[in-house]
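This is what each chain is made of:
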Amino acid sequence: MEKKIKRTSKFLKKASKKAGLSPGTLVHVGEQKVEATRITLMNYDLDRLEEKELNRIEESFAYKDKPPVTWINIDGLHEVELVEKIGTYFNIHPLTMEDIVHAGQRPKVEDFEDYIYLVFKMLKFDDAKSHVVSEQVSLIICSHCLISLQETEGDVFNSVRERIRKGRVHIRKSGPDYLAYALIDAVVDHYFLILEKMGEKIEHFEEQLHVQATPEILQAIHDLKREMIYFRKQVWPIREVLSTWQKTESALVQDTNKVFIRDVYDHTIQVIDTIESFRDIISGMMDLYLSTVSNKMNEVMKVLTIMATIFIPLTFVAGIYGMNFKFMPELEWKWSYPVLWILLVVIFCGMIFYFRRKKWL
Amino acid sequence: MEKKIKRTSKFLKKASKKAGLSPGTLVHVGEQKVEATRITLMNYDLDRLEEKELNRIEESFAYKDKPPVTWINIDGLHEVELVEKIGTYFNIHPLTMEDIVHAGQRPKVEDFEDYIYLVFKMLKFDDAKSHVVSEQVSLIICSHCLISLQETEGDVFNSVRERIRKGRVHIRKSGPDYLAYALIDAVVDHYFLILEKMGEKIEHFEEQLHVQATPEILQAIHDLKREMIYFRKQVWPIREVLSTWQKTESALVQDTNKVFIRDVYDHTIQVIDTIESFRDIISGMMDLYLSTVSNKMNEVMKVLTIMATIFIPLTFVAGIYGMNFKFMPELEWKWSYPVLWILLVVIFCGMIFYFRRKKWL
Amino acid sequence: MEKKIKRTSKFLKKASKKAGLSPGTLVHVGEQKVEATRITLMNYDLDRLEEKELNRIEESFAYKDKPPVTWINIDGLHEVELVEKIGTYFNIHPLTMEDIVHAGQRPKVEDFEDYIYLVFKMLKFDDAKSHVVSEQVSLIICSHCLISLQETEGDVFNSVRERIRKGRVHIRKSGPDYLAYALIDAVVDHYFLILEKMGEKIEHFEEQLHVQATPEILQAIHDLKREMIYFRKQVWPIREVLSTWQKTESALVQDTNKVFIRDVYDHTIQVIDTIESFRDIISGMMDLYLSTVSNKMNEVMKVLTIMATIFIPLTFVAGIYGMNFKFMPELEWKWSYPVLWILLVVIFCGMIFYFRRKKWL
Amino acid sequence: MEKKIKRTSKFLKKASKKAGLSPGTLVHVGEQKVEATRITLMNYDLDRLEEKELNRIEESFAYKDKPPVTWINIDGLHEVELVEKIGTYFNIHPLTMEDIVHAGQRPKVEDFEDYIYLVFKMLKFDDAKSHVVSEQVSLIICSHCLISLQETEGDVFNSVRERIRKGRVHIRKSGPDYLAYALIDAVVDHYFLILEKMGEKIEHFEEQLHVQATPEILQAIHDLKREMIYFRKQVWPIREVLSTWQKTESALVQDTNKVFIRDVYDHTIQVIDTIESFRDIISGMMDLYLSTVSNKMNEVMKVLTIMATIFIPLTFVAGIYGMNFKFMPELEWKWSYPVLWILLVVIFCGMIFYFRRKKWL
Amino acid sequence: MEKKIKRTSKFLKKASKKAGLSPGTLVHVGEQKVEATRITLMNYDLDRLEEKELNRIEESFAYKDKPPVTWINIDGLHEVELVEKIGTYFNIHPLTMEDIVHAGQRPKVEDFEDYIYLVFKMLKFDDAKSHVVSEQVSLIICSHCLISLQETEGDVFNSVRERIRKGRVHIRKSGPDYLAYALIDAVVDHYFLILEKMGEKIEHFEEQLHVQATPEILQAIHDLKREMIYFRKQVWPIREVLSTWQKTESALVQDTNKVFIRDVYDHTIQVIDTIESFRDIISGMMDLYLSTVSNKMNEVMKVLTIMATIFIPLTFVAGIYGMNFKFMPELEWKWSYPVLWILLVVIFCGMIFYFRRKKWL
């Protein structure tokens, strides 16, 4: 029960908490997914890397305008005061702050003079329950630092962290815009993993459909379809986000990095294309299911019809000679019984022949 | 009966009253939803708030060009003369006045030199009858005052009133354009509540479908689908309205407030996205229903076929030995009866085996 | 038969008459709907109104450049010579003349230097046969006069005539462009009446579906759907027509009147929106019908299965003891008959219990 | 068999011949539809008309730059050398020549400096086999002559020839662009005839569906649907062709003739609109068919259920008293037989009453 | 099993290998389809042709800026170092190199200053397994050479090689952009061959549907539909690629060659149009299948109903006179038996007549 309820409600983060409040009021909307907020900071340039975990957000403020790139990552959004502090210090618009803590944003990019705000969804596929789980990620791109805020600690960003640690030249010499690209790229690459898992599910169900069309498969296909609708809803707007970001005339995005944004944009299109193809295939499977059920019913009906059609007349004949009329000449005749058997066999064979000609047998 | 009739006719406010009249003729189209028109007025700036209820609309005229912001709210549109008076005093175009009293407008924004006219729908979800009820709201944004006109007293605007009363800085220091934004934001936030309720209905029906597919659920899904169509019809054009409003080059909309309009625009897109997803899910439920019914029929057919196929041949055999021929050697034979029983059991088991192999049992 | 044939052919006015002729050749295509052509003329300004019925079209030529506004209305298009005369005197392009008499035009607006040509459909809903009837209306807007040409006398324009007669200020002081607007507005208002009637039909069928799903309702829904397709085909292009007209940079359309064109444009959008919603609802009704039929079949099948499944084994048991074997010990036993009845009742109750558990009863 | 294969393959002219060849290689792709190529020539101005049939294409070369208009019409495209000669003399781009002889072009217009190349489909409706046959028509508009190339002799262009012969002023005084328009107009007018025939088919099938839903009608509807898909595929791109042609900034298209192109453009839109409406209607018929079959099955099931449900219990009762138990008191009782009949009649009537209440009878 | 799994997973090249890596990291994604990489080189101008097979890629570097055109073709992408070498020498952007070796790109064109990068899919139809196989082809257009990279050796490019060898004037005197066009044209021509084969499959299934609707055909149609979805996914973006390429303002594309790009663009549109038409036809076949199954079930039901309805009452009558009541006057009457037969025949004929009237026989 619990499981089912979550399925639909995830399309819509509970907004009741929020309705009627002044815009710009910070209220955390979404589940609290981590116990405590975790703040990590990486400050690096080509030669140097400083990495630490912060206890208080204020420790990061010193890095605001420090020339090499600083990446401040915050896991856990339920501590609204923390976001408020960042907002005040980094001069963030109240609406941006509201969006960060309200975990139901549509992916978007907004260019404020001092920073660019990007929000999108990190998705995971819960294999056991076979449904897609989403988590909101906000990126604030300033001139010398990037602030990323997510609901839980995720391992998706770890690959980027590794790259920085290993001192990959490109990422170490580029600015916060390239870092933002790298994070989004990691997220979009992760979408492909989800598609792969969904593709496997589709194949699995197709094979099962081949073997036997049970109501359970139908339900599973229906659930998969809904997850696909949800997936699509999350990914579709990212296309627009990246396209807008690429066209942004802002000092915060370097022209040489736009080719990378275009690259991740292409990947997003590919994800969307594949989602659409999968949707087509799934709806084809629904049709296949219905046809298979019809076919089976047809087969069942044929068995019934063949049995009934063969034996009902035979039974009638037997019934005739079960009658107790005094004057039934056949009853007395010696050869009646064998002749009757011949008759019954003839009827039987005639029926069989008829059904063969009709290709029912 | 009454209920059903309202369902479809709400797509279309009765226009018969109006057809053939000169444009600009004020005729109230729509139900009279309140007994008496109620006029409230709020005049405020950062430091001060004057709030009163007016008996006659003329009392508000003095506030027309008074510098701090004035919000005149009118509940009840059936008193056409009242609207006419406002129109004359505030110099409103006849077509605008006509639109205000004709409660069947498509949401739109119109920029007349002296004022901006916004019209859209406030929606409520009547949980008992499970249908969406709409109410038309008109906003007239002048340089120093905002006039809002609605069909009934609504509690949706109360949250905005509260904010003004509590002296929230932003709303108290902004102009009528921000106030208009705040009202629309309250209305759009309310849409999310409706979506939530609809989402709950969807989940409820999905669970019920799981348990038993009755015609009542089908009817309920169909009704929900229609309400979704209606909901979508009301919300879809608001997207365009907000987009146009944002792009308006008017002295009546300050540039700093445009980011707020963009924000509510984003929310509207999200509402529309979710409606589309729900529509997809609902149409998937229709398919699921049909498949479930087919499945059940299949199961019924199987039971019938199994029973008939097993017993019809057995009955035939019994019929044979019920015949009254004089010369039937088996009848005389001592072991006939037990042998026959063995034959019957063999046929029975053969059938059972056959159905097992066919996976019908 | 006759009725059915008209239904589809109305999508397409017979073009065979016309195919292969030189463009600009005047051939009347369409049914002759009135006996004689009727020409009426209204010449008015704020203070004065001259209204008369003309015998010959030449009588109207004097009004061509007469300053106050003149409205020449022609009912009946089969007299091609009449149209030719107007064409020659008012300097109308041959293609325009061809379009006027060929009653199968797609709604369009064309801006020739000297005049604007508007053509669109006046629609009526024939309640008895429940289908939509269309009539082509052409408007020629010159600098001082408006010529309207329709196939039959219609009462739709009467409301405009009444307004002129009553001396409504706006219409009496405006030019032919406003008059054209008023006529189109009357036509579009009439579309709402058709929508209302169709909405009533939809409700009626929905209620009937609820009661009993007969093939007649199916046919009626199908017919309604077709009429909707036809309706949509007629109204859809008007959107574009009005949008183009509004943007026309012509001396023949005054800027102050463009707000009125925008208004009727909005109404057209609303008509189209409602048509789309109705189409969605109707196609939902088709699904509902199919599901209802499936449900009923399911119910029929259940009754059959229950009856057959209960009585077939009972009959078999009775058949067993109807056999005439010499040696059947049960037949001799005294309590056989009552014991058999107990057995039969047990089987019966077992079956009933089984069906109850399956929720078939 | 032969017929069916053509149906689908016509969507795609055999390209195997062509694949891998250098672009610009002239290979005739398509069936050879005429025995010998036929070349006719018309040279005319307002006062004069010279018409002749040529044996060799070289005879036409003298007319290339001769001031009055020359129309060279070529029926039969299999003589590739002929097209090559024209290409060389009239200075045609190799790609154009390739397109002319490859009878599988998508309709298009191309503006080369010296000439405009137009290619589109002439369609016919083969009433007997009820499928749409297409033929490719190429037009080359030069400054003083128009070359038209088609696969077979067609009677569609005869009406234009007649007009030229009869000396219709407009066509005789206009240039090759007007002539091209006249030819396209004739082709598009012909599309309406096809639509009419298809409309008649639709009506015919609708009536038959009303009478009896046989698999043959289903097949016929399916075939009609496919022909509609084919028709649409051929006509859809012409819209774009005409729109592009109209906007061409070429000395080869006179501005005064653009109103004519717009006119034929409008007709094309109308054809497309009607095709879409027909497609909607046909897919509605498919639904209607399925529902009708379901309905009939329902009716069949009811008959079976009624019969079985009435007689199975009665037979059971008869079976009971056919048993041969020694001790069955009823058998001895004198009134048993009449009482049993009363019982049977009561059961019978009860059943009938039950079915009446269920509205199955 | 193996076969099925490949079907869906081909929509998505395994990205797991790649996820989380730095962009620009060269990892070969895709199957290794050839044993060893094969490098061929053609250097030609109008008069001369040098053709050789290289062992090491370095041998080609000398040709980089050599004035006549050089075509370097590489079959096999698993040797990542080779691509890396080319990238370094020819100054290719890291993202381009990544795309080359990652065989799951969406077709695209990218204009870097020094070169244009084109990637698209070469498709083949595996007739035995009846599925579409894709192979990624990358083209790098430099000022004097064209580098083509494909996964396997293909015979599609052989026709272009032949043309160069035979010294076709156009290709020999044009630059690398024309060569690129020629290669793409060969690939797109090949698409038509696939369409042909798919068209043949469609026809084949339509004929079979006509004969008998088996679940195997349904499965085959479903598979074909999926291959169509896959085909469409691969071809659709090429449209955009060619359109973008044509509009490129680059010194690497000569204006005189743009007409050729437009030509292949037109062919792509045609491929897409045909795919869409085929999709429509296939989905029509699915409907046809379902209807055919319904029809057959209907027929089966009729046979059952007729048989049961005729014989059940007859059997009942026989059952009546099989009863063993002592006092049944009919049993004693001499003519009972013949009269009963008459009665049975009358019932039988009545039933037959009834079914005939119902048109079930």
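This structure is a prediction, so every number in the text was calculated from the model and none was measured. (Residues numbered from 1 in each chain as written. Chains lettered and ligands numbered in written order. Predicted model: local features only at pLDDT ≥ 70, side-chain atom pairs only at ≥ 80, totals over all residues. Heavy atoms only, no water.)

S.K.: I'd love a proper account of the sheet that holds strand 5 (residues 116-126) of chain B, names of residues and values included.
M.R.: Residue and element names in this part refer to chain B. A sheet is described by the order of its strands in space; here seven strands give the open sequence 2-1-3-7-6-5-4, paired in mixed fashion. A single partner strand is all that each edge strand has here, and the edge strands are strand 2 (49-54) and strand 4 (108-111). Pairwise comparison of adjacent strand axes, ignoring direction, gives a mean angle of 15° for this sheet. Two strands pair when backbone bridges link them, and strand 5 and strand 6 (residues 131-141) are joined in this way by 11 bridges, in the antiparallel orientation. Paired with Leu 123 across the two strands is Ser 134, which belongs to strand 6. Its contacts with the sheet place helix 4 (residues 158-165) against strand 1 (38-44), strand 2 and strand 3 (69-75), and it is angled at close to 35° to strand 1. Contacting strand 1, strand 3, strand 5, strand 6 and strand 7 (145-150), helix 6 (residues 176-211) runs over the sheet at an angle of about 25° to strand 5. (Pairing = 2+ DSSP bridges. Helix = DSSP H or I, 4+ residues; strand = E, 2+ residues; numbered from the N terminus. Axes fitted to C-alpha atoms, helices over the stretch in contact; angles between N-to-C directions. Contact = heavy atoms within 4.5 Å.)

S.K.: Lay out the interface of chain B and chain A with the relevant residues and their values.
M.R.: Each side of the interface is counted separately: chain B has 67 residues, and chain A has 65 residues. Carbon and sulfur atoms make up 65% of the area that chain B and chain A hide from each other, which totals about 6000 Å². Broken down residue by residue, the surface that chain B buries against chain A is led by Phe 316, Phe 325 and Phe 327 of chain B, which jointly contribute 11%. Applying the counting rule to chain B against chain A returns eight salt bridges. For the salt bridge of Arg 279 of chain A with Asp 280 of chain B, the shortest nitrogen-to-oxygen distance reads 3.6 Å. At the boundary of chain B and chain A, one finds 16 residue pairs in polar contact (both at pLDDT 80 or more). Elements supplying a minimum of two residues to the side of chain B that touches chain A: helix 4, helix 6, helix 8 (258-320), helix 9 (329-332) and helix 10 (336-357) of chain B. The leading source of residues in the side of chain B that touches chain A is helix 8 of chain B, at 34 residues. (Buried area = accessible area lost by both parts, 1.4 Å probe. Salt bridge = Lys/Arg side-chain N within 4 Å of Asp/Glu carboxyl O. Polar contact = N/O pair within 3.5 Å; in protein donor to acceptor, adjacent residues only side chain to side chain.)

S.K.: Could you give me a rundown of the nonpolar core, with the residues and numbers involved?
M.R.: With 500 residues, the main nonpolar core has Trp 245 of chain A, Phe 231 and Trp 245 of chain B, Trp 245 of chain C, Trp 245 of chain D together with Trp 245 of chain E as its most contacted residues. Those residues in contact with Trp 245 of chain C that sit more than four places away from it in its chain are Val 109, Ile 116, Leu 118, Ile 141, Asp 177, Ala 180, Tyr 181, Ile 184, Val 253 and Ile 261 of chain C. Counting 135 residues, the second-largest nonpolar core is a separate cluster that includes Val 300 of chain A, Leu 304 of chain B together with Ile 310 and Ile 312 of chain D. (Core = buried A, V, L, I, M, F, W, Y, C linked by side-chain atoms within 4.5 Å. Buried < 20%, exposed > 50% of the residue type's maximum accessible area, 1.4 Å probe, protein only.)

Interpretation note: all reported values are geometric properties and have no functional meaning in isolation.
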